Amino acid sequence: MRVPLSWLREYVDLPATETGRDVQAKLISAGLEVETVEHLGADLKGPLVVGQVLTIEELEGFKKPIRFCTVDVGQANGTGEPQEIVCGARNFAVGDKVVVVLPGATLPGGFSIAARKTYGKVSHGMICSGDELGMGDDGSHGIIVLPPETEVGRDAVELLELVDEVLDIAVTANRGDCLSIRGVARETAIAYGLPLRDPALLDVPGPNAYGYPVKIADPTGCDRFTARTVTGLSPEARSPIWLQRRLQKVGMRPISLAVDVTNYVMMELGQPLHAYDRSLVQGTIGVRRAGDGEKIVTLDGTERVLHAEDLVITDDRGPIGLAGVMGGANTEIADDANATTDVVIEAAHFDAVSIARTARRHKLSSEASRRFERGVDPGAAAAAAQRTVDLLVLLAGGTAEAGVTEISAPHAPRTITVPADHPDKVAGVPYGRETVVRRLQEVGCDVYGQDELLVTVPSWRPDLTDPNDLAEEVIRLEGYENLPATLPKPPSGRGLTPRQRLHRRVGRALAGAGYVEALSYPFLAEKVFDQLGLAADDPARRVVKLVNPLSDEEPALRTTLLPGLLGALRRNDGRGSHDLALYETGLVFLPREDQRAAAQLPVDRRPSDEDLAALNAALPHQPRHVAVVLAGAREQAGWWGRGRPADWADAVEAARTVAREAGAELVVRKGQYGPWHPGRCAELVVDVDGTERVVGHAGELHPRVLKSLGLPARTCAMELDLDVLERVGDDTPRAPGISTFPVATQDVALVVDAFVPAAEVEAALRDGAGELLESIRLFDVYDNAEQLGEGHKSLAYALRFRAADRTLTVDEASAARDAAVALAGERVGAVLRG
């Protein structure tokens with residue numbers, strides 16, 4: 001909402017020294033979002049005067065039409081002689097009154113005016129258009145032609161009100177009253193503690209039987225309708241300059257007198273109005289719901305097919321307007337030789353929800369619909385109609401007919417009961433009853449009672465519906481900046497849950513291992529499952545779909561973290577970052593076996609425990625997963641030596657890192673699943689109550705998956721169910737045992753079949769070595785067929801032995817090693833190499 005300061009001063013006697021910045025600060029303190037203050041004409045410097053065109057000479061021989069004019073500017077040029085000016089515009093003639101800027105002046109934008117020779121003539125100034133003066137869109141896009149009665153030589157800066165300050169206010173959805181000068185003036189008066197001259201306080205005649213006939217078929221959609229008629233309007237009448245300038249300052253384009261007046265009153269009082277050409281309206285004006293499939297051509301020239309819920313204005317022919325949104329072309333007021341002389345003024349109050357839905361359904365937002373959907377004062381309709389009639393009579397020489405139509409549904413004012421100390425409790429500040437009553441009365445409420453206040457809400461504040469709304473009014477007017485800063489006092493003994501602690505530990509561990517966290521949206525398209533190569537009956541394909549997704553292309557909630565992470569990897573790789581290691585921890589959404597739609601909760605009361613239980617039962621299972629993706633170099637090359645590309649082993653090590661943080665024992669074995677390469681996929685298993693359970697996979701992705709998703713070659717990934725790891729793990733900190741005795745190291749190389757997993761060999765060695773074994777590490781894998789035989793490989797392990805109470809002898813260490821090798825031979829057929 002744009003609010004000129006000059007217009008605001010008509011209703012509030014602001015101190016003469018107050019600037020737009022001062023008013024902005026006051027309104028912001030009162031809770032309004034004043035975004036900017038525009039200084040119109042700040043760099044404009046005269047002389048800028050009214051002139052009359054005396055002669056026009058057409059100059060020939062140029063690429064575009066050029067005119068050499070003499071203009072009478074009175075004594076403004078100091079001589080009284082006609083001013084010679086070269087001009088290229090053609091929308092004025094001899095005898096017209098125009099705006100002339102003389103040498104020495106400066107126009108908006110820092111454009112200095114001086115006498116200069118152009119097109120073979122000396123031009124002493126310039127004849128101005130509205131754009132050159134920073135007046136905005138006046139619809140003409142040419143030279144400003146002033147009314148014939150304008151005095152020659154008059155200061156045009158004052159005449160056109162070129163110097164002003166305009167406040168640009170971002171009105172929130174609940175403050176429809178501030179979409180008017182009246183509403184902002186009320187807030188300004190309260191902020192300054194000054195009286196308000198309410199422009200809606202007019203003498204309005206009561207309804208009678210002589211008004212234009214109106215029939216309301218839907219009183220729910222339209223609970224008030226006022227109709228007034230003005231006849232005998234002068235076809236030559238045009239909007240005066242002051243009216244056009246005010247419309248331009250608030251961001252509207254002048255069109256014709258009747259339309260300009262209705263727009264002016266709408267901006268002044270906040271009540272949208274519509275003027276119909278009486279000669280084009282046939283029969284009774286009606287308000288009803290549209291028939292499904294009915295059509296109307298609106299003022300923008302578009303034919304619209306109506307919906308059964310659309311509220312329309314009709315006459316005997318059918319729809320003549322979309323109620324509260326836009327009028328119809330069949331009753332449009334003309335602005336030409338056949339200009340309207342008789343008009344019917346409509347001032348109505350429509351249901352906010354109905355207007356909002358109609359505007360969105362037809363993608364037709366207008367100044368009227370913006371106000372109706374935010375709430376219009378139903379009590380202002382009669383005053384707005386009267387104000388419109390008065391202006392048409394004054395400016396167009398019309399006659400107001402005595403007939404007044406006013407149809408209104410009976411309704412009682414809204415009342416709210418609130419304890420006098422309720423704002424004190426909400427804000428934590430002792431305002432006191434007197435302050436609460438005074439502030440509520442300032443916003444227009446009637447207040448009765450002592451400890452328990454009975455508050456009658458004014459008609460222009462439909463957003464005040466409960467005690468907390470009233471408390472907010474008191475708090476904002478007393479000043480949000482005056483609220484003390486107090487920290488909440490949480491109960492002692494509460495901290496992070498085990499799940500949260502594990503989440504943070506995992507994040508720190510992966511970040512320490514060189515991974516970067518990448519958060520992604522929890523939405524996906526079901527086609528990604530085909531790209532990942534999941535089987536048709538894979539449980540991950542069962543998804544929960546959103547009723548109102550952010551994007552129609554991604555309507556489902558994720559069942560795996562990989563699509564989002566792989567998408568982030570693809571984007572970064574495409575932008576030049578080729579060495580990537582990303583991770584994410586987040587929820588996945590797995591539908592239950594009996595998944596059902598959630599019931600719609602009531603909005604008029606707090607949901608019951610049963611309602612909340614039913615809502616929770618309808619939610620999908622939401623375990624927390626952790627996933628990593630890798631591509632490019634894992635170790636960079638440099639002077640220290642060659643680098644190393646990321647491979648499947650890095651993805652497996654990431655899984656082991658997560659398991660260590662959870663205190664869980666993770667078994668890694670060969671597997672095959674979905675997007676992973678069948679020969680380079682590890683299955684991650686934990687023991688849950690004596691039963692093995694697969695909690696994830698790690699390894700290199702399949703080439704087909706890389707191609708379908710546009711990923712770099714040899715991309716690797718890992719995903720784990722973090723909640724299961726938490727359940728089976730034990731994160732109790734344990735101090736390691738430190739022995740003062742030396743370690744005995746024994747290396748062993750075993751030849752096994754190529755298909756035997758190294759994890760099984762390691763488990764056999766660990767079990768066979770007994771309690772003396774401190775650690776075991778695989779340090780070499782060798783698969784030369786000439787030396788080992790076809791289908792065999794060699795696994796070399798470093799075994800570290802140590803006793804807590806003595807130094808081991810060579811024989812003890814060797815015996816433990818031999819026992820380990822013997823058990824490996826029994827279990828997996830391992831044979832000592834060489």
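Summarised in this report is the structure supplied together with it. (Residues numbered from 1 in each chain as written. Predicted model: local features only at pLDDT ≥ 70, side-chain atom pairs only at ≥ 80, totals over all residues. Heavy atoms only, no water.)

1. Considering unusual backbone geometry
Piece 1. Despite not being glycine, Lys-363 has its phi angle at roughly 50°, a positive value.
Piece 2. Within the secondary structure, Lys-363 is located in the loop between α7 (352–361) and α8 (367–372).
Piece 3. By relative accessible area, which is 76% here, Lys-363 ends up exposed.
Piece 4. Within the chain, Asp-689 stands out as a residue other than glycine whose phi angle is a positive 55°.
Piece 5. Assignment of secondary structure puts Asp-689 in the loop between β36 (676–688) and β37 (691–701).
Piece 6. Asp-689 sits in the exposed class, given a relative accessible area of 78%. (Helix = DSSP H or I, 4+ residues; strand = E, 2+ residues; numbered from the N terminus. Buried < 20%, exposed > 50% of the residue type's maximum accessible area, 1.4 Å probe, protein only.)

2. Some details on the nonpolar core
Piece 1. Ranked by size, the top nonpolar core spans 53 residues in total, and within it Val-3, Val-23, Leu-27, Ile-169, Val-265 and Leu-392 carry the most contacts.
Piece 2. Aside from chain neighbours lying at most four places away, what touches Val-265 is Gly-270, Leu-273, Ala-384, Arg-387, Thr-388 and Leu-391.
Piece 3. If you look at the next biggest cluster of nonpolar residues, it comprises 32 residues, including Ala-581, Val-626, Val-658 and Ala-698. (Core = buried A, V, L, I, M, F, W, Y, C linked by side-chain atoms within 4.5 Å. Contact = heavy atoms within 4.5 Å.)

3. Quick notes on empty space enclosed by the protein
Piece 1. As enumerated under the stated definition, the model contains two cavities of 30 Å³ or more in all.
Piece 2. As a volume, the largest cavity reaches approximately 130 Å³.
Piece 3. What lines the largest cavity is a set of 15 residues, among which Ala-237, Leu-257, Ala-258, Ala-339 and Thr-340 lie closest to the centre.
Piece 4. For the lining of the largest cavity, the secondary-structure elements that each account for two or more residues are α6 (257–269) and α9 (381–396).
Piece 5. The residue makeup of the lining of the largest cavity, split by class, is 10 nonpolar, three polar and two charged. (1 Å grid on protein atoms, 1.4 Å probe; cavity = no way out; pocket = protein on both sides within 12 Å on 5 of 7 lines; lining within 4 Å. Points joined across faces, edges and corners; volume = space filled by probe spheres on them. Nonpolar A, V, L, I, M, F, W, Y, C, P; charged D, E, K, R; others polar.)

4. Some words on helix α5 (residues 241–249)
Piece 1. Most of α5 is tucked away: seven of the nine residues are buried.
Piece 2. Once α5 finishes, Gly-251 follows within two positions and takes phi at roughly 95°, a positive value.

5. Thoughts on the pattern of salt bridges
Piece 1. Throughout the structure, instances matching the rule amount to 56 salt bridges.
Piece 2. We note a salt bridge from Arg-67 to Glu-58, for which the minimum N-O separation is 3.3 Å.
Piece 3. Notably, a salt bridge pairs Arg-802 with Glu-774, separated by 2.7 Å at the nearest N-O pair. Separated by 28 residues along the polypeptide, Arg-802 in the loop between β41 (792–801) and α22 (810–828) and Glu-774 in strand β40 (residues 773–782) bring together distant segments of the chain.
Piece 4. Glu-774 sits in the partly exposed class, given a relative accessible area of 40%.
Piece 5. Within this structure, Arg-175, Asp-177, Glu-187, Arg-461, Asp-463, Glu-473 and Arg-476 form a network of salt bridges that share partners. (Salt bridge = Lys/Arg side-chain N within 4 Å of Asp/Glu carboxyl O.)

Purely spatial values, then, with no claim about function.
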